[in-house]
Amino acid sequence: MKINWGTGIVLSFIGFIAFILFFVIRMSMDDRANHDLVTEDYYKKELSYQKEIDAMEMVSKLPYPPQLIRTDSGMTVRFPEDMVPSEIKGKVSLYRPSNKHLDFDFPISLSNTHLLIPDKRLLDGRWDIDVSWEYEGETYLFRKSFTY
């Protein structure tokens, strides 16, 4: 059987379309390719983004901004020393971009100016930390990425 150039072009298009469909179906069915939204309630969080921007600006205005320090026992969040530790209320959120099951939150409860995140809670790799607190009626947000 002889194939002319028109039939060859049609067969090439059909082969190309089949090739693309194979990979689209394979990637949508593969368990390794997780296509979830990055965070839960993504759209609700987007609406409150201006409040986050204002809170981050408040942190940048502090004379002594918070610091994130790695120690042998874990990660230490050091709050400004001019703030009274017992009056700082808020929460710390740790977010793992590669696995949402490792994300965790905990409230801020301070007796001194630093907060320790234990070594056993942190696996090696990249983490994003959000420290959101309220002090004397003002809201602050410290956001940073680190590799543990």
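For the structure itself, look to the data block above.
The rules behind the values
- Residues numbered from 1 in each chain as written.
- Predicted model: local features only at pLDDT ≥ 70, side-chain atom pairs only at ≥ 80, totals over all residues.
- Heavy atoms only, no water.
- Pairing = 2+ DSSP bridges.
- Helix = DSSP H or I, 4+ residues; strand = E, 2+ residues; numbered from the N terminus.
- Phe/Tyr/Trp six-rings, centres within 6.5 Å; stacked < 30°, edge-to-face > 60°.
- Buried < 20%, exposed > 50% of the residue type's maximum accessible area, 1.4 Å probe, protein only.
- Lys NZ or Arg CZ within 6 Å of the ring centre and 35° of its normal.
- Axes fitted to C-alpha atoms, helices over the stretch in contact; angles between N-to-C directions.

### Side note on the pairing of strand S3 (residues 89-95)
When S3 meets strand S6 (residues 126-135), the two strands line up antiparallel, connected through seven bridges. Pairing of Leu 94 across the sheet is with Ile 129, part of S6.

### Observations concerning the packing of aromatic side chains
With the rule as written, the count across this model stands at six aromatic pairs. Measuring from centroid to centroid gives 5.2 Å for Trp 133 and Tyr 140, while their planes differ by 15°, and the two rings are stacked. Residue Tyr 140 is classed as buried on the basis of its relative accessible area of 8%. Here the aromatic cluster, defined as three or more aromatic residues joined through ring pairs, consists of Phe 19, Phe 22 and Phe 23. In this structure, Arg 70 is placed above the aromatic ring of Tyr 148, and the distance from its NZ or CZ to the ring centre is 4.0 Å. Over the ring of Phe 104 we find Arg 121; its NZ or CZ atom is 3.9 Å from the centre of that ring.

### A closer look at the sheet that holds S6
Strand order in this open sheet of four strands is S4-S3-S6-S7, and the pairing throughout is antiparallel. Strands with a single pairing partner mark the edges of an open sheet, and in this sheet they are strand S4 (104-108) and strand S7 (138-147). For this sheet, the mean angle separating the axes of adjacent strands, direction not counted, is 15°.

### Observations concerning the sheet that holds strand S1 (residues 67-71)
A sheet is described by the order of its strands in space; here three strands give the open sequence S1-S2-S5, paired in antiparallel fashion. Looking at strand neighbours, the two that pair on one side only are S1 and strand S5 (114-118), the edges of this open sheet. Averaged over all pairs of adjacent strands, the angle between strand axes in this sheet comes to 25°, irrespective of strand direction. As paired strands, S1 and strand S2 (residues 74-78) are joined by five bridges and run antiparallel to one another. Of the residues in S2, the one forming a bridge with Leu 68 is Val 77.

Worth remembering: the numbers are spatial, not functional.
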